[in-house]
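Residue-level structural notes
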Amino acid sequence: MTRRHEVLAEMGLAPVWRLRNKPVQEETKSPAPGWIEIKQAVPACTACGLHKTRTQTVFGVGDENADWMLIGEAPGAEEDRLGEPFVGQAGKLLDNMLAAIDLKRGENVYIANVLKCRPPGNRNPEPDEVAKCTPFLKTQIALIQPKLIIAMGRFAAQTLLSSDATIASLRGKVYRYEGVPLIVTYHPAYLLRNLPDKAKAWADLVFAKKTMATL
Ligand code: URA
C-alpha cells in the first residue's frame, strides 16, 4: 500500500478507485489481418483478371518466423500446378543457391512472390495486378518480420524499390522495404539462361550472409 493509500484508509476513505487506462481509440479500426485472414483471402481473391486463368493461387512457403525472406516475381506453370513457389527448374537452382549459404527451404527461410497468381504464358505482371496483389505481400512481411529480404530479379527489385534501375546497378547495397533491410540479386530463371552471372549471384549471397550477421 502506498503512503497516500494508508492516509486515505486512516481517514476512512479507502478503497481508492482509480480510473483504468482509457480504452484505445483504435478499437473502431478493423484489426490488421493475421495468417488466418490472409490464408483465406488469397485463394478467394478476384481483384484482378489473373484469377480467371489460374489453376490455384501460390501463397508462399516456409518458416513463418524466418529471418530470411526471398521474393520472386510470380508463379510459373509448375507453381500454378502445385501451389508452391519456385518448384520448377528455377526453384531447383534457388535451393542450390540457398544451400551455398547453409540455408534450406522452410528452415529460417520464407519464399514468396510479388504476384500470387500466374500471368498467362508467363508474361510480365501488369501494374494493376501488382497494385492489387502487393497488400498480400506486405501483410506476409509484417507477419513474418524477417531480418532480411532478398529481392530476386528485376521485377521484384523494381517493384519493391519503386525503381526502374537495373539489377546490375542495384546489387551490392542494402535498401529497405517496409522498414526491412533488402538486397537485390538476379532471378534464378535468369541465371539458368546466363550462366556467367552465377558468380555475381554467389557474391550477392555472400554479401547477404555478411549483412545478416550485422542485423
Ligand atoms: N519464378 C518466380 O518468380 N517465382 C516462382 O515461384 C517461380 C518462378
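A quick note: this is a predicted structure, and the numbers were derived from the prediction, not measured. (Residues numbered from 1 in each chain as written. Predicted model: local features only at pLDDT ≥ 70, side-chain atom pairs only at ≥ 80, totals over all residues. Heavy atoms only, no water.)

Moving on, we come to the pairing of strand S3 (residues 109-113). Working note: regular strand, side chains alternate between the two faces of the sheet. Most of S3 is tucked away: five of the five residues are buried. In S3, alternate side chains face the same way, and those of Val109, Ile111 and Asn113 on one face and Tyr110 and Ala112 on the other are all buried. Where strand S1 (residues 61-62) lies against S3, two bridges are found, and the strand directions are antiparallel. Note that in S3 the partner of Gly62 across the bridge is Tyr110. Bridge count for strand S2 (residues 68-72) against S3 is five bridges, and the pairing is parallel. Residue pairing across strands places Leu70 opposite Ile111, the latter belonging to S3. (Buried < 20%, exposed > 50% of the residue type's maximum accessible area, 1.4 Å probe, protein only. Helix = DSSP H or I, 4+ residues; strand = E, 2+ residues; numbered from the N terminus. Pairing = 2+ DSSP bridges.)

It is worth spelling out unusual backbone geometry at this point. Phi is positive for Gln145, close to 50°, though the residue is something other than glycine. Here Gln145 is to be found in the loop between helix H5 (127-144) and strand S4 (148-152). Look at Gln145 and you get exposed, because its relative accessible area is 61%. Here Ser162, not a glycine, exhibits a phi torsion of approximately 45°, which is positive. For Ser162, the position within the fold is in the loop between helix H6 (154-161) and helix H7 (167-170).

On to the nonpolar core. Residues Trp68, Met69, Leu182 and Val184 are the most contacted members of the largest nonpolar core, which totals 57 residues. Ranked by residues supplied to this core, first place goes to H5 with six residues. Ignoring any residue separated from it by four or fewer positions in sequence, one finds Leu182 in contact with Leu148, Ile149, Ala151, Leu160, Leu161, Lys173, Val174, Tyr175, Arg176 and Tyr177. (Core = buried A, V, L, I, M, F, W, Y, C linked by side-chain atoms within 4.5 Å. Contact = heavy atoms within 4.5 Å.)

A few words on the layout of surface pockets. Estimates place the volume of the largest pocket at around 660 Å³. Surrounding the largest pocket, 28 residues form its lining, Glu73, Ala74, His187, Ala189 and Arg193 being those nearest its centre. Among the elements of the structure, helix H3 (77-82), helix H4 (89-100), H6 and helix H8 (188-193) are those that each provide at least two residues to the lining of the largest pocket. At four residues, the largest contribution of residues to the lining of the largest pocket is made by H8. Looking at the lining of the largest pocket residue by residue, the classes come out as 13 nonpolar, nine polar and six charged. (1 Å grid on protein atoms, 1.4 Å probe; cavity = no way out; pocket = protein on both sides within 12 Å on 5 of 7 lines; lining within 4 Å. Points joined across faces, edges and corners; volume = space filled by probe spheres on them. Nonpolar A, V, L, I, M, F, W, Y, C, P; charged D, E, K, R; others polar.)

Our focus in this paragraph is the pairing of strand S6 (residues 180-185). Taking burial as the measure, the six residues of S6 include six buried ones, the bulk of the element. Burial along S6 is two-sided: the face carrying Val180, Leu182 and Val184 and the face carrying Pro181, Ile183 and Thr185 are both buried. As paired strands, S4 and S6 are joined by four bridges and run parallel to one another. What sits directly across from Ile150, in S6, is Ile183. As defined by bridge partners, strand S5 (residues 175-177) adjoins S6 across three bridges and the pair is classed as antiparallel. Within S6, the position partnered with Tyr177 by the bridge is Val180. The antiparallel hairpin formed by S5 and S6 contains two residues in its connecting segment, where Glu178 sits at a positive phi of about 50°.

Right, let's talk about the pattern of salt bridges for a bit. Tallied over the entire structure, the rule returns 10 salt bridges. With its nearest N and O atoms 3.0 Å apart, the salt bridge here joins Asp128 to Lys132. Taken together, the positions of Asp128 and Lys132, both in helix H5 and four residues apart, correspond to about one turn of that helix. Since its relative accessible area comes to 42%, Asp128 is described here as partly exposed. Between Arg171 and Asp204 there is a salt bridge; the shortest N-O distance is 2.9 Å. In this pair, Arg171 sits in the loop between H7 and S5 while Asp204 sits in helix H9 (residues 198-213), placing the two residues 33 residues apart along the sequence. Classification of Asp204 by relative accessible area gives buried; the value is 3%. Linked by salt bridges that have partners in common, Glu84, Asp95 and Arg105 make up one network. (Salt bridge = Lys/Arg side-chain N within 4 Å of Asp/Glu carboxyl O.)

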